[in-house]
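Survey of secondary and tertiary structure
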Amino acid sequence: MPIEVNNELLKLMKLFDFKLIECSFKGEVTRSMFKVVSKISQKDVQKLFLKLGFNDVHEDLVNICSNLSLLAIGTDKCGDNKALKLYFKNIQERFINIAGDKSLLLFEIAKQNKLEVMCALNLYKDKQSGLTKKIYLDIPEQECNLQIIELKDLNKKLLNALPDLMNQLNFNLEKVNKINNTIAVMHENDVPLTCIGVDIDSSEIKLYFDHGQ
């Protein structure tokens, strides 16, 4: 079944110089991912939130959007924008102020293992869902572009970070074994780990695998 992106949404995002790079769906919600082509001003950020139907966005959140890298929009079948996911790079101090000390520990693990960090904030129109904070540990882009380096060699950096990460998140033995078993299965099938996502509020992690094809 083809995925259709709302034409009005595409026109709106084009006005603010956002480029559609990915589209997927879950249930009845379409998720459209846009890349920020040029730096967006605070005034335009406020306008964009209003146009997308998010009217009460906190000023602190508007301020950090000057560092916005990617924006994902969750839209239901009626065309109503239900959720925004804001992705940022290079906002460590400001993100720690929002996400708390736990995020500082994750930044330290990334630094020790020479991993790149992408921060994300999920904003929901349903106010009861609140604001969720996530961090993604990834291989630095410049290393991924070096063709002499095997993907499985880069994969070792993420694997080396996992024990510290699980320790800081106080994972019990059952969770540790589940993660280790998942990695073992993917390794047997030659599918390397390429990214680790951490939900700061729930202390849950997601493992992302990609065989590069």
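The coordinates are above.
Overview of the structure. From a predicted model like this one, the values you see are computed outputs, not experimental measurements.

**Side note on the pairing of strand β7 (residues 193-199)**
Of all the seven residues making up β7, six are buried; the element is thus mostly covered by neighbouring parts of the structure. Note: strand β6 (residues 131-138) against β7, five bridges, orientation antiparallel. Bridging from a neighbouring strand, tyrosine 136 pairs with glycine 197 of β7. Strand direction decides the pairing type here: β7 and strand β8 (residues 204-209), joined by six bridges, are antiparallel. Of the residues in β8, the one forming a bridge with glycine 197 is lysine 206. Between β7 and β8, which follow one another and run antiparallel, lie four residues, and serine 203 among them has a positive phi close to 60°.

**Brief notes about the packing of aromatic side chains**
Centre distance and the angle of the planes are the two values used to describe a pair of aromatic rings. Counted under the stated rule, the structure contains three aromatic pairs. Ring geometry for tyrosine 87 and tyrosine 136: centres 6.1 Å apart, planes at 40°, overall tilted. With a gap of 49 residues between them, tyrosine 87 in strand β4 (residues 81-88) and tyrosine 136 in strand β6 connect regions that are remote in the sequence. Of the two residues, tyrosine 87 and tyrosine 136, neither departs from the other in class, the shared state being buried. For the pair phenylalanine 95 and phenylalanine 107, a centre-to-centre distance of 6.4 Å together with 80° between the ring planes defines the contact as edge-to-face. Of this pair, phenylalanine 95 sits in helix α4 (residues 92-99) while phenylalanine 107 sits in helix α5 (residues 101-112), and the two are twelve residues apart along the sequence. Both residues of the pair, phenylalanine 95 and phenylalanine 107, belong to the buried class. Ring pairs connect the aromatic residues Tyr87, Tyr136 and Tyr208, which therefore count as one cluster.

**Some remarks on the packing of α4 against α5**
Contact geometry of α4 with α5 gives a least axis separation of 7 Å together with a crossing angle of 140°. Residues Gln92, Phe95, Ile96 and Ala99 of α4 form the contact with α5, whose participating residues are Asp101, Ser103, Leu104 and Phe107. Classifying every residue of the contact of α4 with α5 gives five nonpolar, two polar and one charged.

**Notes on the pattern of salt bridges**
Within this structure, the stated rule accounts for eight salt bridges. Note that lysine 82 and aspartate 80 form a salt bridge whose closest N and O atoms lie 3.4 Å from each other. What makes lysine 82 partly exposed here is its relative accessible area of 39%. Ionic pairing is found between lysine 133 and aspartate 201, a salt bridge with its closest N-O pair at 3.1 Å. Remark: aspartate 201 occurs in the loop between β7 and β8 and lysine 133 occurs in strand β6; sequence separation between them is 68 residues. For aspartate 201, a relative accessible area of 42% corresponds to the partly exposed category. A cluster of three or more residues bridged by salt bridges with shared partners is formed by Asp80, Lys82 and Lys125.

What counts and what doesn't
- Residues numbered from 1 in each chain as written.
- Predicted model: local features only at pLDDT ≥ 70, side-chain atom pairs only at ≥ 80, totals over all residues.
- Heavy atoms only, no water.
- Buried < 20%, exposed > 50% of the residue type's maximum accessible area, 1.4 Å probe, protein only.
- Helix = DSSP H or I, 4+ residues; strand = E, 2+ residues; numbered from the N terminus.
- Pairing = 2+ DSSP bridges.
- Phe/Tyr/Trp six-rings, centres within 6.5 Å; stacked < 30°, edge-to-face > 60°.
- Axes fitted to C-alpha atoms, helices over the stretch in contact; angles between N-to-C directions.
- Contact = heavy atoms within 4.5 Å.
- Nonpolar A, V, L, I, M, F, W, Y, C, P; charged D, E, K, R; others polar.
- Salt bridge = Lys/Arg side-chain N within 4 Å of Asp/Glu carboxyl O.

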